[in-house]
Amino acid sequence: MAKFWSVLSLLLLLGGVIWWVNASYFNHQPRTSTETSGSETVVSKDRKQEVYATLERKGKDLQSNHFEYTIHNETAEPVTLPFRSGQRYEYYVRDGKGELIETYSKGKMFTQEVTQKVIDPGETYTEKITLLPLPPGLYVLEVESVSKYKNKFKKIVKFEVEGPKNDKGAETT
């Protein structure tokens, strides 16, 4: 029985050390209370500066499935986004009922190398996203960086895909 408790104690101690090393390695930058809202706030002398993400639908009509996901650095310091693979972002498309219909990484392979993207002060980092053609309806697109700040730069946008129109501007059936 004593052997059982010493083995259990050793395993718990080893697990605690591994957790501590992992937590200190991946959390070397201070986090702010706004981290989960999509921006990091840095207070300077006169104004608030932020690192934040935006997600915008591009295209002239509601049939466009083109979006731009951008991370903005409005601070006075460079921001480094570390990545564990060649994948820079992930997205999920859900229909009006909330059912998942498309995931960016599904069926894809990415290079397995640790890389980083540095965003200089006042600069942006943009990814162009083109979704597969969708039938008419309401959708939700959720995009997030796959850097260590995964949830920090998550953006969600609702959008509608309209049906094709005839020459008079009315939807065709």
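This section reports on the structure supplied with the text.

Conventions we followed
Residues numbered from 1 in each chain as written. Predicted model: local features only at pLDDT ≥ 70, side-chain atom pairs only at ≥ 80, totals over all residues. Heavy atoms only, no water. Pairing = 2+ DSSP bridges. Helix = DSSP H or I, 4+ residues; strand = E, 2+ residues; numbered from the N terminus. Axes fitted to C-alpha atoms, helices over the stretch in contact; angles between N-to-C directions. Buried < 20%, exposed > 50% of the residue type's maximum accessible area, 1.4 Å probe, protein only. Patch = residues over 30% accessible without salt bridge, like charges linked within 9 Å, V, L, I, M, F, W, Y side chains within 5 Å. Areas by Shrake-Rupley, 256 points an atom, 1.4 Å probe, with all protein chains shown as cover. Salt bridge = Lys/Arg side-chain N within 4 Å of Asp/Glu carboxyl O.

Some remarks on the sheet that holds strand E10 (residues 155-161)
For step 1, the next point in the chain: Ordered in space as E6-E5-E9-E10, the four strands form an open sheet in which the pairing is antiparallel. The open sheet has two edge strands, strand E6 (100-103) and E10, and neither has a second partner. For this sheet the average axis-to-axis angle between neighbouring strands, irrespective of direction, equals 20°.
For step 2, the next point in the chain: As paired elements, strand E9 (residues 137-145) and E10 share seven bridges and run antiparallel to each other. Its bridge partner being in E10, Val 143 is matched across the sheet by Lys 155.

Regarding the pairing of strand E5 (residues 89-95)
For step 1, the next point in the chain: Taken across its seven residues, E5 has five buried, putting it largely inside the fold.
For step 2, the next point in the chain: As paired strands, E5 and E9 are joined by seven bridges and run antiparallel to one another. Across the sheet, Arg 94 pairs through a bridge with Val 140, a residue of E9.
For step 3, the next point in the chain: Two elements, E5 and E6, share three bridges in a ladder whose sense is antiparallel. Across the sheet, the residue bridging to Val 93 is Glu 102, located in E6.

Considering the environment of Lys 155
For step 1, the next point in the chain: Checked against the element boundaries, Lys 155 lands in strand E10.
For step 2, the next point in the chain: Along the chain, Lys 155 and Leu 141 lie 14 residues apart, while their C-alpha atoms are 8.2 Å from each other.

Describing a nonpolar patch on the surface
For step 1, the next point in the chain: Side chains of Met 1, Phe 4 and Trp 5 sit close together on the surface and give an oily, nonpolar patch of about 410 Å² of accessible area.
For step 2, the next point in the chain: As for its position among the elements, Phe 4 is in helix H1 (residues 2-26).
For step 3, the next point in the chain: By relative accessible area, which is 48% here, Phe 4 ends up partly exposed.

So, to be careful, I would describe these as geometric facts and stop short of saying anything about function.
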